[in-house]
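# Fold and geometry: a report
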Amino acid sequence: GAVVSQHPSWVICKSGTSVKIECRSLDFQATTMFWYRQFPKQSLMLMATSNEGSKATYEQGVEKDKFLINHASLTLSTLTVTSAHPEDSSFYICSARSDGGRYEQYFGPGTRLTVT
Amino acid sequence: GNSVTQMEGPVTLSEEAFLTINCTYTATGYPSLFWYVQYPGEGLQLLLKATKADDKGSNKGFEATYRKETTSFHLEKGSVQVSDSAVYFCALSTQGGSEKLVFGKGTKLTVNP
């Protein structure tokens, strides 16, 4: 089946620094990638949708200048959390979709971000 | 707005027990409904889906029926196995396919031998 990886699986950073999370589709071309955020015991919340070569579309309430998304190739999307603060600590999950007809989203295992 | 409510866990069962995880939704229009499963250390995987009222999704012994009259999509399995231990997420999409997924909070299932 389709495999999506994320790197790193967990990261700790200091307040005020930036951190980049990578999402890769390993065996298919992902024309669309999605970024979700999950707080403990909460739902996954869609943050943004990115299409390869285009600017990301952010959900209401998500700061696009804080959460920079780049989808530069058909197998890689990155999420950069800029000037991180403790309230940004969360579990970030990406998913990828190809336009092969089924439109199913394939999810990565997630990245745990802790900002100290 | 659109939302999904699923029963809170954790749920602990013995092997071969019957499983029900309740899921109800609120949505405009006619959503597609999904169940995703997340095994330890892995990403979410689509378990089953239904795209219109009275459809039944099924996979790996799990079933769920799209009930428009009760706005529900309860997950059931007649005889669970230890390998079914995972977190289960109910979700909906109002844009067809699987875009703009709205998730429930997830229910952790542990099956003991």
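Structure first, text after, so check above.
The structure contained in this document is the topic of the report that follows. (Residues numbered from 1 in each chain as written. Chains lettered and ligands numbered in written order. Predicted model: local features only at pLDDT ≥ 70, side-chain atom pairs only at ≥ 80, totals over all residues. Heavy atoms only, no water.)

## Looking at the layout of surface pockets
Taken as a whole, the largest pocket holds about 690 Å³ of empty space. Secondary structure elements with two or more residues in the lining of the largest pocket: β10 (86-93) and β12 (107-112) of chain B. The element contributing the most residues to the lining of the largest pocket is β12(B), with four residues. Of the residues assigned to the lining of the largest pocket, the class counts are twelve nonpolar, eleven polar and six charged. Its volume calculated, the second largest pocket comes out at about 530 Å³. Around the second largest pocket, the lining is made up of 21 residues, and of these A:Met45, A:Leu46, A:Met47, A:Glu59 and A:Gln60 lie nearest the centre. Sorting the residues of the lining of the second largest pocket by element identifies β5 (44-51) of chain A together with β11 (102-103) of chain B as the ones contributing at least two each. Per-element accounting of the lining of the second largest pocket gives the leading share, four residues, to β5(A). Its residues assigned to classes, the lining of the second largest pocket comprises ten nonpolar, six polar and five charged. (1 Å grid on protein atoms, 1.4 Å probe; cavity = no way out; pocket = protein on both sides within 12 Å on 5 of 7 lines; lining within 4 Å. Points joined across faces, edges and corners; volume = space filled by probe spheres on them. Helix = DSSP H or I, 4+ residues; strand = E, 2+ residues; numbered from the N terminus. Nonpolar A, V, L, I, M, F, W, Y, C, P; charged D, E, K, R; others polar.)

## Here's the deal with the pattern of salt bridges
All names here are of chain B. One pass over the structure, following the stated rule, counts five salt bridges over all chains. Between Lys 52 and Asp 55 there is a salt bridge; the shortest N-O distance is 3.4 Å. Of the charged contacts, one joins Glu 63 and Lys 56 as a salt bridge, the two residues approaching to 3.6 Å between their closest N and O atoms. The class for Glu 63 is partly exposed, based on a relative accessible area of 34%. For Lys 56, a relative accessible area of 51% translates into the label exposed. (Salt bridge = Lys/Arg side-chain N within 4 Å of Asp/Glu carboxyl O. Buried < 20%, exposed > 50% of the residue type's maximum accessible area, 1.4 Å probe, protein only.)

These values are about where atoms sit, not about what they do.
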